[in-house]
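Listed here are the chains, written in short residue letters.
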Amino acid sequence: MSNRKPFFRFCKSIIKIFKRKPKVINYNENLEECAIYLSNHSGASGPLTHELYFPINFRFWGTHEMVSGIKERYNYLSNIYFYKKKHINKYLSKLIAVIASPVLYLFYKGMQIIPTYTDARLRNTLKESYDELNKGNSIIIFPENSSDGYHQELKQYFAGFLLLARKYYEKFNKNLKIYNMYYCKKQNTLIIDKYIEYKDLIGLDEKEVAEKFKNRANELYKTHCL
């Protein structure tokens, strides 16, 4: 995207030679900026596809370990990402993590990831997200629970995206649009569902709303990817 630094944009232009632009099925007339976009991971394919081809300026939410110190990043890659999520042999995961750690750090840094936390530091995530939204940029969030790996049919959505929409509404009295998306890796197809306005979700149970967004993402998968 245009808000990335020049050298990183150059690197992406090289990667695009090997990564085809996805087919897009868009249920909207257009995509608005200053919005929240949700997507499945599909491993690393979802984030990479969005980074290369998503047509508006945005920042990703991403796990803080990937932009933290060397030890924390290595432990996350070896013990969680490659071993638990990608289901690679434990010892091979450690070896791959040694090689991948510096490369992925540079890529995450180039993408200007907004780090996410599960403790009080989440306030920093929200504050940085407010700043981006107030600049007119959007936020892409991967809400799926991938603790046991990445699944084509999604099992659970965390409600952090609704926390962001609610806090932003309370702080700035601005109503965000939320776009639900699903990326089909095999078909290289991105489906973008009709947006939902946060104001229409006010007062509803956020865990139940997150479940409905997850179910709708699975509907998109079954309709367009099978």
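A.B. asks: How would you sum up the overall build of the protein? Please name residues and give values.
C.D. replies: Helix and strand counts for the protein stand at 7 helices and 8 strands. Computed over the C-alpha atoms, the radius of gyration of the protein is 17 Å, within 12% of the 17 Å expected from 2.2 N^0.38 for a compact globule of 226 residues. Principal axes of the C-alpha set define a box for the protein whose edges measure 50 × 40 × 35 Å. Each of the 226 residues in the protein was classed as buried or not, and the buried ones make up 47%. Total accessible area on the protein stands at roughly 12,000 Å², and carbon and sulfur atoms take up 55% of it. The average position of the 37 basic charges and that of the 22 acidic charges among the side chains of the protein differ by 8 Å.

A.B. asks: Give me the state of the cysteines: which residues, what numbers.
C.D. replies: Using the criterion set out here, one finds 1 disulfide in the structure. For C184, the disulfide goes to C225, at an S-S distance of 1.5 Å. Residue C184 is found in strand β6 (residues 177–184), and its partner C225 is found in the segment after α7 (206–224); the two are separated by 41 residues along the sequence. For the residue pair C184 and C225, the accessibility class agrees, reading buried in each case.

A.B. asks: Please provide a residue-by-residue account of the side chain of S101, values included.
C.D. replies: Structurally, S101 is set in helix α4 (residues 90–111). Beyond its immediate stretch of four places on either side in the chain, S101 contacts R73, Y74 and L77.

A.B. asks: I'd like a description of helix α6 (residues 160–172), backed by residues and values.
C.D. replies: Between the first and last C-alpha of α6 there are 18 Å, a value that for 13 residues agrees with the 18 Å anticipated at 1.5 Å per step. Residues F161, L162, L163, L164, A165 and Y168 constitute the buried set of α6. Tucked into the core, α6 has its buried residues touching β2 (36–38), β3 (58–63), α5 (122–134), β5 (138–141), β6 and α7. Phi for N173, located one or two positions after α6, is positive at around 55°.

A.B. asks: Let's hear about the pattern of salt bridges: which residues, and what values?
C.D. replies: Side chains that carry opposite charge are capable of pairing whenever their charged atoms lie near each other. Summed over the entire model, instances satisfying the criterion amount to 17 salt bridges. Between K214 and E211 there is a salt bridge, with its nearest N and O atoms 3.1 Å apart. Of this pair, K214 and E211 both sit in helix α7, 3 residues apart, which is roughly one turn of that helix. Owing to a relative accessible area of 34%, E211 belongs among the partly exposed residues under this scheme. Look at the salt bridges and you will find they share partners, linking E32, K177, E197 and K199 into a network.

A.B. asks: Give a description of the side chain of N145 that names residues and reports values.
C.D. replies: Topologically, N145 is positioned in the loop between β5 and α6. For N145, a relative accessible area of 19% corresponds to the buried category. Residues within four places of N145 in sequence aside, it is in contact with Q156 and F158.

A.B. asks: So what's going on with a nonpolar patch on the surface? Which residues, and what values?
C.D. replies: Nonpolar side chains collect at one region of the surface, where F7, F10, I14, I17 and F18 lie side by side and expose about 640 Å² of accessible area between them. Mapping I14 onto the fold places it in helix α1 (residues 6–15).

Thresholds, definitions, all that
Residues numbered from 1 in each chain as written. Predicted model: local features only at pLDDT ≥ 70, side-chain atom pairs only at ≥ 80, totals over all residues. Heavy atoms only, no water. Helix = DSSP H or I, 4+ residues; strand = E, 2+ residues; numbered from the N terminus. Rg over C-alpha atoms; globule rule 2.2 N^0.38 Å. Buried < 20%, exposed > 50% of the residue type's maximum accessible area, 1.4 Å probe, protein only. Areas by Shrake-Rupley, 256 points an atom, 1.4 Å probe, with all protein chains shown as cover. Lys, Arg positive; Asp, Glu negative; His and termini not counted. Charge placed at Lys NZ, Arg CZ, Asp CG, Glu CD. Disulfide = S-S within 2.5 Å. Contact = heavy atoms within 4.5 Å. Expected span 1.5 Å × (residues − 1). Salt bridge = Lys/Arg side-chain N within 4 Å of Asp/Glu carboxyl O. Patch = residues over 30% accessible without salt bridge, like charges linked within 9 Å, V, L, I, M, F, W, Y side chains within 5 Å.

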